[in-house]
Amino acid sequence: MTGSRLFIGRGSRLKNVIILFIFVNLVAGFAYIHHLIETKNRNSTGNVSSARRSHAAAHGFINALSNQRRSHVAQYPKKYHSVHHGSHKTHHRWQKTRHEVRKTPHRNHHGYHHRHHMHHDHARHSHVGHHGHSSLRNHRVKQRPLYVRDDEKEYWMENGEEYKETRNLTTAMSISSSDVMFDDVAAENPYLEIGGYFKPNTKPRGKLAVIIPFRNRKFHLRVLLHYLHPVLQSQRFEYCIYVINQSNKGVFNKGALMNVGYLEAMKRHNYSCYVFHDVDLLPEEHRCLYTCSDDVRHISTGISKFKYKLVGGVTVGGVSAFTTAQLQRVNGWSNRYVGWGGEDDDMAIRIRAHGMRIRRPSPSLCKFTSLPHGPDPGNPLNKKRFNMLRHTTKEMFGDGVNSVEYSVLGETLQATFTNITVELGKY
């Protein structure tokens, strides 16, 4: 009897252990399944958020650019109409197009929330366009600020030189400067070699190719060379100035001319830096260095007609400096923008799309005098430029320095510059 009770007791305890084991495993199984479901939901939400951030970073530049222009209109309405668009009618037509574009729904799965997110975050994100994100899926966009402040003292002090106040070159344009001829510029710079080449007696700070896109602006070119040569020589650069002269056939194409200048200069010397320079901007300061850095440098930050302040929408236009690696990475300038406007904004989009930055010196230091000029029938306003900018990231890999079409009609080694006359293909 005692043995029987012991057997039954042992069996009950074993049964309880088995039931407890099954219960614990069931609880563990349910907990694991719940964990899997929660993980899947979090990953799904994270993917949407990541995609939203990626799209906002890739698509924010055009809205940011347009909002900068709109804020500048509110501050300087008269100047904006006269400088950027030429008339109130053109500006209002642009505003109407802008309004119609904003009413068009985004063609993606984020719908209204994605659009609302980009509208309120345009100050933090950059904008490329509604149709540009597909070309960037395999090319990740780094979340970095597009513009960074430059410190000119670093460039001076790295060579043990003194950073000191120097006189302005063109604070007030004198009447005598408008009478300067090419022979006068050559006489003022006796150490120049034929073709506008200069090499200092000491170790040069760098080797520059200064590229000036040009057509029918001889007065501006004379005055620019009068001021530019002394600045570059005082900064101890080895340099050569190339004037890329477009023949009179076709509408002026600044972007294609700059690509041609880069290719032609590269054939002649191994330059470390390429400076692209508008013919109507005169440097006012010896301290504003014409040099390259780890980032693309936008040098002409303070321009007289804008009261020496950075203007909304102006990106790398005017005077900018690129290394060979930087130019090759963005595939140079676009060849599609014939007429006035668009190629500098297109370049800024390329720089952003490749995770690069634009370095800007202080406008109070890098001052430039803008020479006035009348309307140019061969360089009309490009009214399609804003629509074209929306396709930059899709077109940039096949539109640039690797696709520019041109033929060299002649090359002349002048005393103060190298003149290369070209005929461009049709774009």
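Use the structure listed above.
The structure contained in this document is the topic of the report that follows. Every value quoted in this text rests on a predicted model; they were computed, and no experiment measured them.

1. Things to note about the overall build of the protein
Okay, step 1: If you tally the helices and strands in the protein, you get 13 helices and 13 strands.
Okay, step 2: Pairs at least 24 residues apart make up 82% of the contacts formed inside the protein by residues separated by at least 6 positions.

2. Re the packing of aromatic side chains
Okay, step 1: Enumeration over the complete set of coordinates arrives at eight aromatic pairs.
Okay, step 2: Ring geometry for Phe182 and Phe417: centres 5.6 Å apart, planes at 50°, overall tilted. Of this pair, Phe182 sits in helix α7 (residues 182–188) while Phe417 is found in the loop between β12 (406–413) and β13 (418–424), placing the two residues 235 residues apart along the sequence.
Okay, step 3: Owing to a relative accessible area of 6%, Phe417 belongs among the buried residues under this scheme.
Okay, step 4: Between the NZ or CZ atom of Arg205 and the centre of the ring of Phe237, over which it lies, the distance is 5.9 Å.
Okay, step 5: Stacked on the ring of Tyr308, the Lys or Arg Lys367 has its end atom at 5.4 Å from the ring centre.

3. Points about the side chain of Arg350
Okay, step 1: Mapped onto the secondary structure, Arg350 falls in helix α11 (residues 343–353).
Okay, step 2: The class of Arg350 is buried, set by a relative accessible area of 1%.
Okay, step 3: Of the polar contacts made by the side chain of Arg350, one reaches the backbone oxygen of Val330; its length is 3.0 Å.
Okay, step 4: Dropping the residues within four chain positions of it, Arg350 is found in contact with Val330, Asn331, Gly332, Trp333, Ser334, Thr392, Met396, Asp399 and Gly400.

4. With respect to the nonpolar core
Okay, step 1: One finds Ile212, Leu221, Tyr239, Ile241, Tyr290, Ile299 and Phe368 to be the most contacted residues of the largest nonpolar core, which totals 39 residues.
Okay, step 2: Residue assignment for this core shows that the elements contributing at least two residues are β3 (207–214), α8 (218–234), β4 (238–246), β5 (273–277), β6 (281–283) and β9 (319–322).
Okay, step 3: The element best represented in this core is α8, accounting for eight residues.
Okay, step 4: Grouped together as the second largest cluster of nonpolar side chains are 33 residues, Leu257, Val260, Tyr274 and Met347 included.

5. Topic: the environment of Ser304
Okay, step 1: Mapping Ser304 onto the fold places it in the loop between β8 (302–303) and β9.
Okay, step 2: On the accessibility criterion, Ser304 (23% relative accessible area) is partly exposed.
Okay, step 3: In terms of polar contacts, Ser304 uses its side chain to reach the backbone amide nitrogen of Ser370, at 2.9 Å.

6. Examining the state of the cysteines
Okay, step 1: Under the counting rule described, the total for this entry stands at two disulfides.
Okay, step 2: At a sulfur-sulfur separation of 1.9 Å, the disulfide partner of Cys273 is Cys292. Across the S-S bond linking Cys273 and Cys292, the dihedral sits near 80°, which makes this disulfide right-handed. Of the two residues, Cys273 is situated in strand β5 and Cys292 in the loop between β6 and β7 (296–298); the sequence distance between them amounts to 19 residues. We note that Cys273, like Cys292, is buried.
Okay, step 3: Each sulfur of the disulfide joining Cys288 and Cys366 lies 2.0 Å from the other.

7. Some points on the sheet that holds β6
Okay, step 1: Across the sheet, which stays open at both edges, the three strands sit in the order β6-β11-β8 with mixed pairing between neighbours. Among the strands making up the open sheet, the edge pair consists of β6 and β8.
Okay, step 2: By the bridge criterion, two bridges tie β8 to strand β11 (residues 367–370) in an arrangement that is parallel. Paired with Gly302 across the bridge in β11 is Lys367.

8. Notes on a nonpolar patch on the surface
Okay, step 1: Among the surface-exposed residues, Leu14, Ile18, Phe21, Ile22, Leu26, Phe30, Ile33 and Ile37 lie close enough to one another that they form a single nonpolar patch of about 850 Å² accessible area.
Okay, step 2: Its place among the elements puts Leu26 in helix α1 (residues 2–59).
Okay, step 3: In this structure Leu26 comes out as partly exposed when scored by relative accessible area, which is 48%.

9. Focus: the pairing of β4
Okay, step 1: Buried residues dominate β4, accounting for nine of its nine residues.
Okay, step 2: On β4, burial covers both faces: Glu238, Cys240, Tyr242, Ile244 and Gln246 on one face and Tyr239, Ile241, Val243 and Asn245 on the other are all buried.
Okay, step 3: Bridge count between strand β2 (residues 197–198) and β4: two bridges; the pairing is antiparallel. Looking at the pairing, Phe198 lines up with Tyr239 of β4.
Okay, step 4: Judged from the eight bridges that link them, β3 and β4 form a sheet pairing that is parallel. Paired with Leu208 across the bridge in β4 is Tyr239.

Here is what the cut-offs are and how they apply
- Residues numbered from 1 in each chain as written.
- Predicted model: local features only at pLDDT ≥ 70, side-chain atom pairs only at ≥ 80, totals over all residues.
- Heavy atoms only, no water.
- Helix = DSSP H or I, 4+ residues; strand = E, 2+ residues; numbered from the N terminus.
- Contact = heavy atoms within 4.5 Å.
- Phe/Tyr/Trp six-rings, centres within 6.5 Å; stacked < 30°, edge-to-face > 60°.
- Buried < 20%, exposed > 50% of the residue type's maximum accessible area, 1.4 Å probe, protein only.
- Lys NZ or Arg CZ within 6 Å of the ring centre and 35° of its normal.
- Polar contact = N/O pair within 3.5 Å; in protein donor to acceptor, adjacent residues only side chain to side chain.
- Core = buried A, V, L, I, M, F, W, Y, C linked by side-chain atoms within 4.5 Å.
- Disulfide = S-S within 2.5 Å.
- Pairing = 2+ DSSP bridges.
- Patch = residues over 30% accessible without salt bridge, like charges linked within 9 Å, V, L, I, M, F, W, Y side chains within 5 Å.
- Areas by Shrake-Rupley, 256 points an atom, 1.4 Å probe, with all protein chains shown as cover.
- Salt bridge = Lys/Arg side-chain N within 4 Å of Asp/Glu carboxyl O.

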